[in-house]
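# Analysis of the macromolecular model
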Amino acid sequence: EYVAVAQLSVKIPGLKVTNLNSGDRDLAGTKIYKKMPQGYVLVQTLDTRGSEDVYFYDYHGEKFLAVASIGQGKYPHLVSTTKSSIYRWHGGQFKLFQSFDLEGAKHAVMQVIHDRLYVFFATGVTINDSGSVPSQQSPIYVLDPVEDRFTLVQGIPTYFAYGMDPFILNDVVYLS
């Protein structure tokens, strides 16, 4: 039994925490804990920056972990662009499988549709003090079994998206 914790940032020594962004996103990482007799023990830290969400999926015996990252940097110098990643379980730990250059990814979810594995990232949560409107596409990727990698299927226009939920109802696929 494992628990994955998407870690947005870590505290900066000597800096008073004034808001959710008052930290160092570059050093946070996604924490993987394993249940042991003495409790949950940290067994791995994935190299992620500004992680907001993590999603586990077992697809035909292959174990994947999708990590949505909102941005990187050290407060007050934060940027909304960073890599969101897919990890695959191999040799008793998660190994980086593929990364995507995304801006402000807040949520990740995986779903099998017609026996193919899809990953959805909700994006658009950007740090924007200029007053300009971010133009975002929340991407949808599908695992290509021949290439053994996720390829872009479509971008859904979003503005400050916080979540995506694919579901099947009466054999019809929907996305909310």
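Everything numeric in this text was worked out from a predicted model, so none of it was measured.

With antiparallel pairing, the 4 strands of this open sheet are ordered in space as β10-β11-β12-β13. In the strand order of this sheet, the two ends are held by β10 (107-113) and β13 (149-158), each with one partner. Shown here is a sheet whose adjacent strand axes are inclined to one another by a mean of 20 degrees, direction ignored. Relative to β13, strand β12 (residues 136-144) is paired through 9 bridges, and the arrangement is antiparallel. Looking across to β13, one finds that P139 is bridged to G155.

Turning our attention to unusual backbone geometry. Residue P76 is reached from Y75 by a cis peptide bond, and omega for that bond is 10 degrees. With a phi angle near 65 degrees, D115 is a residue other than glycine that sits in the positive phi range. Relative to the helices and strands, D115 resides in the loop between β10 and β11 (116-122). Located in the positive-phi region is N170, a residue other than glycine, with phi close to 55 degrees. Relative to the elements of secondary structure, N170 occurs in the loop between β14 (166-169) and β15 (172-175). A relative accessible area of 68% means that N170 is categorised as exposed.

Procedures and definitions
Residues numbered from 1 in each chain as written. Predicted model: local features only at pLDDT ≥ 70, side-chain atom pairs only at ≥ 80, totals over all residues. Heavy atoms only, no water. Pairing = 2+ DSSP bridges. Helix = DSSP H or I, 4+ residues; strand = E, 2+ residues; numbered from the N terminus. Axes fitted to C-alpha atoms, helices over the stretch in contact; angles between N-to-C directions. Buried < 20%, exposed > 50% of the residue type's maximum accessible area, 1.4 Å probe, protein only.

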